[in-house]
Structure formats: C-alpha cells, structure tokens
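Chain residues, written in single-letter form:
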Amino acid sequence: MFTLTPVRRAVLCAVADAFVPAINDLPAGSAVLDFELVARAIQAQPLGAQAEFEQLLDLLDKPVLGLSWLGPLRPFAQLAPAQREALLLSWAGSRLPPLRKAFQTLRKLCTFFYYGSSPADGGPNPAWAALGYPGPALPPDSGPPVAAPRPIRPLAPQAATTYDCEVLVIGSGAGGGVMAGELARAGHDVLVHEKGPYFHGRDFTQREANMLG
Ligand SMILES: Cc1cc2nc3c(=O)[nH]c(=O)nc-3n(C[C@H](O)[C@H](O)[C@H](O)COP(=O)(O)OP(=O)(O)OC[C@H]3O[C@@H](n4cnc5c(N)ncnc54)[C@H](O)[C@@H]3O)c2cc1C
C-alpha cells in the first residue's frame, strides 16, 4: 500500500510547484494540493501502479536523478525552478517511455488536484475565479443528501431473466443516460443495462477531487 512519507510529500510539493508555480495572486501547487486526497487516490490504484509511483517519488529524491536528463546530480527539490522545469520537459519528450509516463502521471496528478480540489474550509479554490468558474452550486456544508428520494427502482435479477423492451441501452453514463431519457420521453419502452451502482444526482457534492473515490 502506498505510503506518503514526509520525504515523498516534500518531493510532491516541489513537483507541484514546478507544474503550477505561484502566479499573480494565485498560490503555488503545494499550497493548494490536498495531500490526503492525493494519497487516497494513489492507494485506490492497483498495487503495481502504487509501487511504481513510490519508486518514481523515491528516484526524484536521489542525486542519481540527474542522469535521467544529463543535469546536476541533485534531488529534484534541490534544483532551481528553471532546472526543475527543464527536467520535466526533458522527460515529457524523452525517447524512453517510462520517463514520458512519469511526466504524464505527475502532470495529471498535480494539475487535477490543483484545479479540482476544494480547500478544507469549504471555500472556493483560488484558481476557479481566474478560470471564470463560479464554483459548485451546492453550499460546501450541504454534503450529499443520501436520503433524497430516488425515482429509479433498479432491477437486480439474481437468476436468468427475460425482459421485453423496444430499445436496450447499454450503460447509463453521459451518452446512454441521455439517450435512454430522450427515448423514454418520446414514448418508447426503454431498458437500460448498467454494470455499476445507481447514483442519483444528489449523491454528488459537485467537488470533483472529493468525488474521485
Ligand atoms: C475525472 C473526470 C472528469 C471529467 N470532467 C468532465 C467535464 O468537466 N466536462 C466534460 O464534458 N467531460 C468530462 N469528463 C469526460 C466525460 O465524463 C466523458 O466524456 C463522458 O462521461 C463519456 O460518456 P459515455 O456515455 O461515453 O461514457 P460514461 O459516461 O463513462 O458511461 C459509460 C457507462 O456504461 C457503463 N458500462 C460500461 N460497460 C458496461 C457493460 N458492459 N454493461 C453495462 N454497463 C456498462 C459504465 O458503468 C458507465 O456507467 C470527465 C471525465 C473524468 C474521468
């Protein structure tokens, strides 16, 4: 299981600040990232991926890191900001797939948790106003009202069962859900087959990073 040790956390802080440096009034990445959420997201990955990520963070903390981009033999956090950027850019365009993969993993992780996180106090993420995003419509303390009425009664047959329908929609996601709703509204007899659990809109807090699990 992935462990976010203080050393790994310090590495992630330096990486986050390289991807999202402080600019104008906006704080740097490490000031916004919720490291508990980040750790939980990594712990939800397959064990092999967790081990790979640990190895990556541990490599970033070693002087031998310099060999990966022919730079100074120093850990990532001890590089100057321009050197950190040069290292990451060299990985992004590397001919070695593991380095390109490492770059993309770190980029996605840092930018998703920077722009998708809500601060612990429930206030707006400082980047949202700069992006023109007004933030979630739900107040921060409303939480998911799990007791809200759920209009759909999913069928969960325990044995081989035959259903009749005019249209069978596989998957109730963004595409299938809309299609099923429109067809049903037009008077068709629609059956939706969904492999996942039933989530009502009210199960979501509109806070993207918190909804990852
Ligand atoms: C973290 C994240 C953030 C995103 N943010 C945005 C955003 O802000 N704006 C935006 O426009 N897009 C966003 N997207 C992309 C958007 O969610 C997808 O483009 C969209 O959901 C794709 O719709 P879909 O119907 O093809 O698939 P999905 O919405 O993924 O739906 C597929 C459904 O089919 C079910 N299913 C799959 N296989 C089977 C099977 N064999 N039997 C039965 N059911 C099955 C799945 O359980 C799922 O419910 C985001 C995606 C992610 C992952």
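All of these numbers come straight from a predicted model, not from anything done at the bench. (Residues numbered from 1 in each chain as written. Predicted model: local features only at pLDDT ≥ 70, side-chain atom pairs only at ≥ 80, totals over all residues. Heavy atoms only, no water.)

1. Focus on the overall build of the protein chain
When its secondary structure is counted, the protein chain shows eight helices and two strands. Mapped from its N terminus to its C terminus, the protein chain presents α and β elements in the order α-α-α-α-α-α-α-β-α-β. Reported as C-alpha extents along the three principal axes, the dimensions of the protein chain are approximately 70 × 40 × 30 Å. The buried share of the protein chain, taken over its 213 residues, is 30%. Long-range contacts, defined here as pairs at least 24 residues apart, represent 54% of the contacts in the protein chain between residues at least 6 apart. In the form shown here, the protein chain has an accessible surface area of approximately 13400 Å², with 60% of it arising from carbon and sulfur atoms. (Helix = DSSP H or I, 4+ residues; strand = E, 2+ residues; numbered from the N terminus. Buried < 20%, exposed > 50% of the residue type's maximum accessible area, 1.4 Å probe, protein only. Contact = heavy atoms within 4.5 Å. Areas by Shrake-Rupley, 256 points an atom, 1.4 Å probe, with all protein chains shown as cover.)

2. Thoughts on the site of the ligand
Around the ligand, the structure places I170, G171, G173, A174, G175, G176, H193, E194, K195 and E208. One of the backbone N or O atoms of A174 is found 3.0 Å from an oxygen atom in the ligand. Side-chain polar atom of E194 to an oxygen atom of the ligand: 2.5 Å apart, as the coordinates give it. Expressed as a share of its isolated accessible area of 990 Å², the protein-covered part of the ligand is 32%. It is helix 8 (residues 174-185) that contributes the most residues to the shell around the ligand, three residues altogether. Residue composition of the shell around the ligand, by class: two nonpolar, five polar and three charged. (Near = heavy atom within 4 Å. Polar contact = N/O pair within 3.5 Å; in protein donor to acceptor, adjacent residues only side chain to side chain. Nonpolar A, V, L, I, M, F, W, Y, C, P; charged D, E, K, R; others polar.)

3. Brief notes about a nonpolar patch on the surface
A surface patch of nonpolar side chains, about 300 Å² in accessible area, is lined by V64, L67 and L73. Positionally, L67 belongs in the loop between helix 4 (47-60) and helix 5 (81-92). (Patch = residues over 30% accessible without salt bridge, like charges linked within 9 Å, V, L, I, M, F, W, Y side chains within 5 Å. Salt bridge = Lys/Arg side-chain N within 4 Å of Asp/Glu carboxyl O.)

4. Topic: the side chain of E54
Note on placement: E54 falls in helix 4. For E54, a relative accessible area of 18% puts it in the buried group. E54 has contacts with M1, F2, T3 and R8, leaving out every residue within four places of it along the chain.

5. With respect to the packing of aromatic side chains
The full count for this structure, using the stated rule, is six aromatic pairs. Between F19 and F103 the ring centres are 5.6 Å apart and the planes differ by 50 degrees, which places this aromatic pair in the tilted class. Linking F19 in helix 1 (residues 6-19) with F103 in helix 6 (residues 97-116), this pair joins segments that are 84 residues apart in sequence. Residue F103 is classed as buried on the basis of its relative accessible area, which comes to 11%. Ring centres 5.2 Å apart and planes at 90 degrees place the aromatic pair F112 and F113 in the edge-to-face group. On the accessibility criterion, F112 (25% relative accessible area) is partly exposed. (Phe/Tyr/Trp six-rings, centres within 6.5 Å; stacked < 30°, edge-to-face > 60°.)

6. Some words on the layout of surface pockets
Approximately 830 Å³ is the volume found for the largest pocket. Lining the largest pocket are 23 residues, with I152, P154, V192, H193 and E194 positioned closest to its centre. Put simply, the parts of the chain that give the lining of the largest pocket at least two residues each are helix 8 and strand 2 (190-193). No other element matches the four residues that strand 2 contributes to the lining of the largest pocket. The class makeup of the residues in the lining of the largest pocket is 15 nonpolar, six polar and two charged. (1 Å grid on protein atoms, 1.4 Å probe; cavity = no way out; pocket = protein on both sides within 12 Å on 5 of 7 lines; lining within 4 Å. Points joined across faces, edges and corners; volume = space filled by probe spheres on them.)

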